[in-house]
Structure formats: C-alpha cells, structure tokens
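One-letter residues, chain by chain:
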Amino acid sequence: MKITLPDSSIKEFPGPVTPKEVALSIGAGLAKAAIGARVDGQLWDLHRRIDHDARIAIVTRPKIGKDGRSQFRDEQHQKDALYLLRHSCAHVMAEAICKLFPKAQLAYGPPLDNGFYYDIYLGEESVSTERFAAIEEEMKQIVAADRPFTRYEMPAARGLEKLQAEGNKYKIDNAQRALEGGSPALSWYVTGQPQTATVDAPPFEDLCMGPHIPSTGVIGAFKVMSVASSNWHGDVKSDRFVRVYGTAFFTKEDLDAYLAQVEEAKARDHRAIGPRLGLFTVDEQVGQGLILWKPKGAILRQQLQNFISAHLQRQGYSQVFTPNVGKLGLFKTSGHFPYYQDKQYPPMIDHEQLKHLAQEGCTCAQLANRMRAGDIDGYLLKPMNCPFHIKIYASELRSYRDLPIRLAEFGTVYRWEQSGEIGGMTRVRGFTQDDAHLFVTPEQVDEELRGCLELVKIVFTTLGMTDYRVRVGLRDPDKSKFVGEPALWDQAEAACQRAAQSLGVPFAAEPGEAAFYGPKIDFVVKDIIGREWQLGTVQVDYQLPIRFDLSYIGPDNQPHRPVMIHRAPFGSMERFIGVLIEHFAGAFPLWLAPEQLRILPISDKFAAYGQKVLAAAQQAGFRATIDQTGERINAKVKLAQEDKVPYMLVVGGKDEAAGQVSVRCRSRGDLGALALADFVAQARQEAATYGQQQLGKNR
C-alpha cells in the first residue's frame, strides 16, 4: 500500500495500515502528538484501518505557548483538531447526562464552530442550569479516567436489528438516513473498553460516524454553556428535545479566553443594543426574520447607502429598480428554482387558476410537481436580483462600445430560513442587498473584478474592519452541483484567483464554495471579539448569459456572449449592520451615528439658548436633538452616554453669555468650552472624514 504524505513523499506498507502506524513510521514524537488524521480529505480516527492507497495528513494536538494558549500550525489544523476534540466531548457530555437522567434517549450531537450540542429526549424531565455543575462533575470523572474511544461496525441489517432491539427511534432514523446517504455499514463509538466493563459501570456507546480523539484525557477544558429546546427534524409538531450546548478546548487558558469573549459578545449583542438604541425591531405579528427599521436605524442604513452610492457613481454604475416578485419561469431559466427551492418562499398561483385546480381535485403534491415540470406557472418572491437585471440588459440591443454596463440596486430579496436558524439581523427571511451586476466583454473581466474588489476594500477600511481573509470559492468535484462547461469554469476560476492576488493579502482557494453558476471571491471579516462573518462577495458568471441567451454586437459586427459579474460589497444590509452594531458596540463614528449631537441645557432657564444651538447645528447639517426634560444635568449626560451620542453640548449661563458650548465627547469626556462656530467647523470636518484614522478618535 502507498501512503502519500502532505509533502508528496510516499511511504509503502505491506497491507492495511492505521494513521497511528503511519505516524509511528515517521517518528515517535509525531505518533505521541497525533489525535486523528485526514485521509483523502476526510477526518479519520487514529486507529481506523486504511485498506487502499491514500493521501493522509496527521492531525496533532496543538503546541502550548508560554501563556498556556494553544498554537496551531494553520487554520485547517485548528479546525480539524477542535472538531475532533468537540465531537468527542459531546459524547462525554451525553454519557454524563444519561447517567443523571436514566430515561434519556439520545438523538444527535454535532460539533459546532464554537463548541457542540446534544439533542436529547427526556419526556417530562428537563435539564435546568442548576444541573450544569452535576453534569460537569460527571464529565470530569470521565475525562480524568482517560478512557479510549473505540469504533466498531456492523453490516446494515445487523445494525438496524440492534437499534430496533434498543428501541431508540431517533437512532433508528439516524441509521436509516446514513444508509440512504450511501454508508455501507453502521458504526458505533464506545467510551471505554468493553472487556473491562461491569454491570455497575457499563461502557457508554453511541451510534456515530465519527471521528474521535484517541481518549477522553485529551480533552483539556470544557464547560456546559446553555440549554434550549428543539424539535425532531426541526418540525415544531414533532417530538420536543432538550438541546444542551457545551464547549471544549485543549487548555484551561483557551477556555478562559473564550468565556471572556462570550461575555464581551453579550455586551455587544446587536439583538439587545439595536432595539435599545431604537434602530430596529422584530414583531411576531409581522413575522420571524422580517426586520422593521425604526427611524434611527433607517438613518444608519441610509448613511451607508449614500456612502457606497458615491463610489458607485464614481465607478460609472447606473441605478435601477426592480419588483419584489417575478414569474416562476424567470427563476426556472436562471436555475434558482428549483435549485434553491428549499430556501424559497412557496410560489404564488393566479387566483382563478388556483380555483380551477381545486375544482379538479389537484392535491398540493400534484400542484408542486406540475409547477416543477412547468405545466403551471406562478409568481415567486424574488430570492435573487440577478434575473431582473439580466432582463434590463436584454431589453436593448447592445454594442461592445456600450460595455461594461454596470447595473446597481438596493434590492430586497426573500429566503425561507428555518425557524431555528433565524437570529436577529444576521440571519433573516427578508433582506436588502447592495447588489450590482456587470455585463462585460471577456477582455474586461480582470479590470472590472479589480474595480469590484476596490469597493469592498474601501468599505472595510472606512469602517475599521481591517482583519479579514479572502476566500476564492471554486467548483466542487461533484459536477452535479454546478452548471456549465468545464472550460468556462476554468476561465472564471482563473480570473477570480488573479483578482484575489491583486489584493495583496493572503487568500485560500476552497473547492465546493462556488455558486452553482460560477466561482466567487468572499471576504470573511473577523470582528473585534474574533468571530468571523462572510460579508462582501464578488462572483464571475459565464453561465447565466448562456441561459438567457444574452449577447452584444462585437467589432466584427457579429453577436458575442457577455460575461456577468455579480458583486455586493455589504452583502446583506441587515447582516452587515447587525455586525456593524456589534463591531462598534453601538457607538458609531460621527458620520454614521443616527444622532450626532445632543444639546443639554443645564436648566429650563437656558432652554431658549439650547434651541438656538440646536438650530445652528441642524443648519450646519448635523442630526441633532435637545433634551428638554426636567432632569438634572448629570442624569441628562448619563442618558446621552447610554444612547451612544458622539457629542453632548452642555449649555448654561456662561455659555450663553460667551456664545459658546461646553463640549463633552462620548469617549473622551469633557473637552472644555468652544465657540459655537468653532465647534461646528471642527465637527463638520470630522463628519466629512471617513478614514479609520479619524474614526478612531471618537469611538
């Protein structure tokens, strides 16, 4: 057997071999540090046998720095090592819960980016936060025992018989899904050695595809984080589960740092800050995931739109407007229906046609099938803006002299997200994209891509989001997930990679991350507390121009096919602003703040002068208000601070006599007295300066 290592060197073995044995053949140190492996791109246990020629990379424990924090080789190493650790810790938590709740039936427990959870059916019982300490104590004993994770497999028929005898319908369902997905057998993981088990201390086992770390002792630190409810298959009408969340790390220092990050995240949570600052609200009568922008939030959104619109005008974009619904056939041509059918609102049928179909006795299933087949047309809430922009392009005869044509729209689209996936503004069902579609000649692709990337960089630099990585999404080896000729995909992918290189920052090419019609460049931003968000995106598309038979007349007087570029620097305005609220913790820079100035008269005697200051500020173009309540000045200042107002202008007798204001800055405290005209001039200069250097002065 030939095993290819990451450096492309090859090791030969006389027969089947485990990743552990491969690691030993390289060195005892590597074998000691090993906790798993990537075998042909898939994560495996150390002791699972490889019976074919394969490419493998050993996954090791991280090195530990002087500060006690884990040090990973790279992002992939961190991702793999934490996946193995947290998947294994989920089993440890499940065992602890089963010991404390003997009637518990396990459903599933996957790892997450920041931890793991386990869905468990407890009948009438529940897990309260008061039981977390007891669960953690049981977990400590399991980890301290350093019990091995052992995998065993059964043929499908025998495995199903075993599960049916145990009577856990959730595990039977999991097994059937695995088999339907192509798994040739069923696998279990035992925590502990079966041969050393006793009646009083039986080994814990769980139906699981794996993989896992070698033993429980690898888990350095863990914590049960929270509890929630969920439903089987996400169906609110089905069985109700208790979902217990936890997290795990290699060291206590890693865990402590994460917990501090969680506390900071709570303080910055846009779902709390946004409503408190009067930016947005969500109302159940309106619907989940549908944002109601309040006046202050609308100002914030409009400021961002004005900001990007100025750059669009500079780059030669044309503004367009399109409807929120379109005929179903339009989205069939584009491929969005049925490709994204599960993420779309159901199609709407003409009233008369619907009445006629009902009289025919047409069932819902028959209706869906006939719509998919094209026998019945309807209308769809638009999931994308691009088909409408394509139709605007196609409405006129185009010449190569007209290209590039750049069409921009702040267009609202609708996606059907699962109830459990909706969260504040970052995961919604209706959102507005700062969308644009460029129709270019093949020779213009590289230059136009660079222009799109320039826009994204301007947005991030202006807002201080300088910690980001670039991901080039390529097509998946599974060709069924993508449309079009491989040669055109090759051209588009090469263009994206050339454009990414022009940014001068590291980028990673990731197969399987492309849109179904073309590769894309995504900007993944890390916020102040270390979380990552995919925001801006640029995509190259050779396929939709073919599907819609787009053309332009070339210099040879013959029709030619344009290339489309899709781009959205903000992405979703809702998501972007949700992230922005947390980035600034609601304390927006002066140019962006919904309320820039607040005038605070010391008492009612100075209300008239306060009104004069207010008028001057508004005349100068500031978004200013006045606090005319009867509260003491300290209370007024405290409220303005809580409302994150950048500047407070305190006015009293001396101020009125001198024609000045006592300036208080949100972040720097009292700045002393200034002539009103001087303050207005300085504030106008600050508000007109978008750069991060200026923004940092008033955070």
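Residues numbered from 1 in each chain as written. Predicted model: local features only at pLDDT ≥ 70, side-chain atom pairs only at ≥ 80, totals over all residues. Heavy atoms only, no water.

> How should I be thinking about the sheet that holds strand β31 (residues 624-626) in this particular structure?
Taken in spatial order, the five strands of this open sheet run β31-β30-β32-β33-β34, and their pairing is mixed. The open sheet terminates on both sides in strands that have one partner only, identified here as β31 and β34 (669-675). Across the sheet, the mean angle from the axis of one strand to that of its neighbour is 25°, orientation sign disregarded. Across five bridges, the pairing between strand β30 (residues 597-601) and strand β32 (residues 647-651) is parallel. Looking at β32, one finds that L597 is bridged to Y647. Against the sheet, helix α20 (residues 633-642) engages β30, β32 and β33 (660-665), with an angle of about 170° to β30. (Pairing = 2+ DSSP bridges. Helix = DSSP H or I, 4+ residues; strand = E, 2+ residues; numbered from the N terminus. Axes fitted to C-alpha atoms, helices over the stretch in contact; angles between N-to-C directions. Contact = heavy atoms within 4.5 Å.)

> Can you walk me through the packing of helix α3 (residues 75-100) against helix α4 (residues 132-144) in this structure?
Think of two packed helices as two axes; the pair is described by the angle between the axes and how far apart they sit. Closest axis-to-axis distance for the α3/α4 pair is 9 Å, and the angle between their directions is 120°. Taken together, the axes of α3 and α4 are oblique relative to one another. The hand of the α3/α4 crossing is right-handed. Together, C89, V92, M93, E95, A96, I97, K99 and L100 of α3 and A134, I135, E138, M139, I142 and V143 of α4 make up the contact between the two elements. Among the residues making up the contact of α3 with α4, the classes are represented as 11 nonpolar, no polar and three charged. (Parallel < 35°, antiparallel > 145°, perpendicular 65-115°, else oblique. Left-handed = near helix turned anticlockwise from the far one by under 90°. Nonpolar A, V, L, I, M, F, W, Y, C, P; charged D, E, K, R; others polar.)

> For this particular structure, what's the right way to read the confidence of the model for the chain?
For residues with low pLDDT, the predicted coordinates do not support detailed interpretation. Summary statistics for the chain give a mean pLDDT of 89 and a share of 96% for residues scoring 70 or more. Segment residues 195-199: pLDDT under 50, and two contacts once partners within four positions in sequence are set aside and those in other chains are kept. The low-confidence segment residues 691-699, where pLDDT is below 50, has 27 contacts with residues more than four positions distant or belonging to other chains. (pLDDT = per-residue confidence, 0-100.)

> For this particular structure, what's the right way to read the packing of helix α5 (residues 156-166) against helix α6 (residues 169-180)?
Remark: α5 packs on α6, axes separated minimally by 9 Å, with the N-to-C direction vectors making an angle of 165°. For the element pair α5 / α6, the angle class is roughly antiparallel. Handedness of the crossing formed by α5 with α6: left-handed. Mapping the contact onto sequence places A156, L160, L163 and Q164 in α5 and K171, I172, A175, Q176 and L179 in α6. Tallied by class, the residues present in the contact of α5 with α6 amount to six nonpolar, two polar and one charged.

> I would appreciate a short explanation of the sheet that holds strand β11 (residues 149-155) in the present structure.
Strands belonging to one sheet form pairs held by backbone hydrogen bonds; the direction of such a pair is parallel or antiparallel. Taking strand neighbours across the sheet as the criterion, the three strands line up as β11-β12-β13 in an open arrangement whose pairing is antiparallel. Both edges of this open sheet fall to β11 and β13 (204-207), since each of them pairs with a single strand only. This sheet shows a mean twist of 25° between the axes of neighbouring strands, independent of strand direction. Bridging between strand β12 (residues 185-191) and β13 involves four bridges; their strand directions are antiparallel. The residue of β13 that forms the bridge with W188 is L207. Helix-sheet contacts for α3 involve β11, β12 and β13, and the interaxial angle to β13 is about 120°. Packed on one face of the sheet, α5 meets β11, β12 and β13 and runs near 110° to β11.

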